[in-house]
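Here is what each chain is made of, one letter per residue.
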Amino acid sequence: MLQEERFLRIRSLLATFSRVSVDRIVQDLEVSRETVRRDLLELEGSGELRRVHGGAIASGPEPEPPLSVRLVARQREKRAIAKATVSLLKPGQTLFLDAGSTTAILAEEIATLSGMTVITNSLNIALKLAGADEGRDSRNTVHLLGGQIDVKTQATHGDGTLEDIRRFCADVALLSPVGLHPKHGAMSFEHHEAAVARAMAAQAQQVVILADHSKIGQASRVAYRRSTEIDVVVTDAKARESGALAALRKAGLHVIVA
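Novice: Please give an account of the pairing of strand β15 (residues 254-257) that cites residues and values.
Specialist: One ladder, built from 4 bridges, connects strand β14 (residues 232-235) with β15; its direction is parallel. Paired with Val233 across the strands is Val255, a residue of β15. Crossover β14 to β15 through helix α10 (residues 243-250) is right-handed.

Below is the structure:
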């Protein structure tokens, strides 16, 4: 049995029982105790479980707080990231922005530019870039993607959104994940949010990940872009305190510290 298949079986057991013994895993997977021990160590390292005496318990990542809460957290760091990201852009580019608190602040910086085309699933970002909060005409072209509306994230998602994304070819996808892990790459908690980010990345020539220090080294439930497929990571100065930043660079990521 391949390692990834074993991981899937262990995840399934934990999803069903929350706590599972080594003996139960050995019996279910028909592998040695040593193999189970190595697998549990690796899954614990990625934050998917916590080893306890005789087995393991589920300790998966928590859902993100509502957007209204995230918008007021770490504003200084997110503003620095946004300013550094804008300096990477060129006049006349077409951009994807997914829904998130960091990309919402980035939208405020992009609003000062002219001639950009921005495609987003975020209602908040679309309104900011359209100048609705200032009663002015936008200097950029804004496309709001269709689909189902998620009230919590103030964004669209679903098959309609993914179909809409495929109509566009962008220069840059600017994405803000829940976590950025050296091994698993950019990750989201919700499957539908990951699907939107994955589709945007696939339709862009360059992928830029915006992640403040709290996200560096963190894993979540759904990976949508491998580390080797990310062109640039923009983070803040506090990320230097994390050993995971060195691991990201070792994985080959180009990291900009704002």
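Novice: With reference to specific residues and values, describe the packing of aromatic side chains.
Specialist: With the rule as written, the count across this model stands at 0 aromatic pairs. In this structure, Arg221 packs its charged tip against the face of Phe189, placed 3.9 Å from the ring centre.

Novice: Mind laying out the sheet that holds strand β2 (residues 49-52), listing which residues take part and the relevant values?
Specialist: If you walk across this open sheet you meet the 3 strands as β1-β3-β2, and the pairing is antiparallel. Each edge of the open sheet carries a strand with a single partner, namely β1 (19-21) and β2. Going from strand to strand, the sheet's axes swing by 25 degrees on average, the running direction of each strand aside. In this structure, β2 lies alongside strand β3 (residues 55-58), joined through 4 bridges in antiparallel fashion. The partner of Arg50 across the bridge, within β3, is Ile57. The strands that helix α2 (residues 22-29) touches are β1 and β3; relative to β1, the one it contacts most, it runs at about 75 degrees. Packed on one face of the sheet, helix α3 (residues 33-45) meets β2 and β3 and runs near 135 degrees to β2.

Novice: Quick rundown of the side chain of Thr120? Include the residues and the values.
Specialist: Mapped onto the elements, Thr120 comes out in strand β5 (residues 117-120). With a relative accessible area of 0%, Thr120 lands in the buried category. Reaching out from Thr120, the side chain makes a polar contact with the backbone oxygen of Leu97 at a distance of 2.8 Å. Here the side chain of Thr120 touches Ser122 through a polar contact of 3.0 Å, landing on its backbone nitrogen.

Novice: Help me get a handle on helix α9 (residues 191-202), residues and values and all.
Specialist: Compared with an ideal rise of 1.5 Å per residue, which puts 12 residues at 16 Å, α9 spans 16 Å between its outermost C-alpha atoms and is within 8% of the ideal. Those residues of α9 lying buried are Glu193, Ala194, Ala195, Val196, Ala197, Ala199, Met200 and Ala201.

Novice: So what's going on with the sheet that holds β15? Which residues, and what values?
Specialist: The strand order across the open sheet formed by 7 strands is β6-β5-β4-β9-β12-β14-β15, and the pairing between neighbours is parallel. The open sheet has two free edges, formed respectively by β6 (141-144) and β15, since each of these has just one partner strand. Neighbouring strand axes in the sheet, compared pairwise and without regard to direction, differ in orientation by 20 degrees on average. The sheet contact formed by strand β4 (residues 94-97) and β5 spans 4 bridges and is parallel. Across the sheet, the residue bridging to Leu95 is Val118, located in β5. Packed onto the sheet, α9 meets β4, β5, β9 (170-175) and β12 (204-210) and runs at close to 150 degrees relative to β9.

Novice: A description of the pattern of salt bridges should follow, citing residues and the corresponding values.
Specialist: Summed over all chains, the structure comprises 17 salt bridges. When the shortest N-O distance is used, the salt bridge between Arg33 and Asp23 registers 2.4 Å. With Arg33 in helix α3 and Asp23 in helix α2, the pair connects residues that are 10 residues apart, well separated along the chain. Note that Glu190 and Arg221 form a salt bridge whose closest N and O atoms lie 3.8 Å from each other. Remark: Arg221 occurs in the loop between β12 and β13 (222-225) and Glu190 occurs in the loop between β11 (185-188) and α9; sequence separation between them is 31 residues. Residue classification places Glu190 among the partly exposed positions, given a relative accessible area of 22%. Salt bridges here are not isolated pairs; linked through shared partners, they connect Arg79, Lys83, Glu108, Glu109 and Lys128.

Novice: Can you break down empty space enclosed by the protein residue by residue, with the values?
Specialist: All chains considered together, the criterion is met by 1 cavity of 30 Å³ or more. Here the largest cavity is characterised by a volume of approximately 220 Å³. What lines the largest cavity is a set of 21 residues, and nearest its centre among them are Asp98, Ala99, Gly100, Thr153 and Glu193. Of all the elements in the fold, those that place two or more residues in the lining of the largest cavity are α4 (67-70), β8 (155-157) and α9. When the residues that make up the lining of the largest cavity are grouped by side-chain class, the tally is 6 nonpolar, 9 polar and 6 charged.

Criteria and thresholds
Residues numbered from 1 in each chain as written. Predicted model: local features only at pLDDT ≥ 70, side-chain atom pairs only at ≥ 80, totals over all residues. Heavy atoms only, no water. Pairing = 2+ DSSP bridges. Helix = DSSP H or I, 4+ residues; strand = E, 2+ residues; numbered from the N terminus. Right-handed = clockwise from strand over helix to strand, strands pointing away. Phe/Tyr/Trp six-rings, centres within 6.5 Å; stacked < 30°, edge-to-face > 60°. Lys NZ or Arg CZ within 6 Å of the ring centre and 35° of its normal. Axes fitted to C-alpha atoms, helices over the stretch in contact; angles between N-to-C directions. Contact = heavy atoms within 4.5 Å. Buried < 20%, exposed > 50% of the residue type's maximum accessible area, 1.4 Å probe, protein only. Polar contact = N/O pair within 3.5 Å; in protein donor to acceptor, adjacent residues only side chain to side chain. Expected span 1.5 Å × (residues − 1). Salt bridge = Lys/Arg side-chain N within 4 Å of Asp/Glu carboxyl O. 1 Å grid on protein atoms, 1.4 Å probe; cavity = no way out; pocket = protein on both sides within 12 Å on 5 of 7 lines; lining within 4 Å. Points joined across faces, edges and corners; volume = space filled by probe spheres on them. Nonpolar A, V, L, I, M, F, W, Y, C, P; charged D, E, K, R; others polar.

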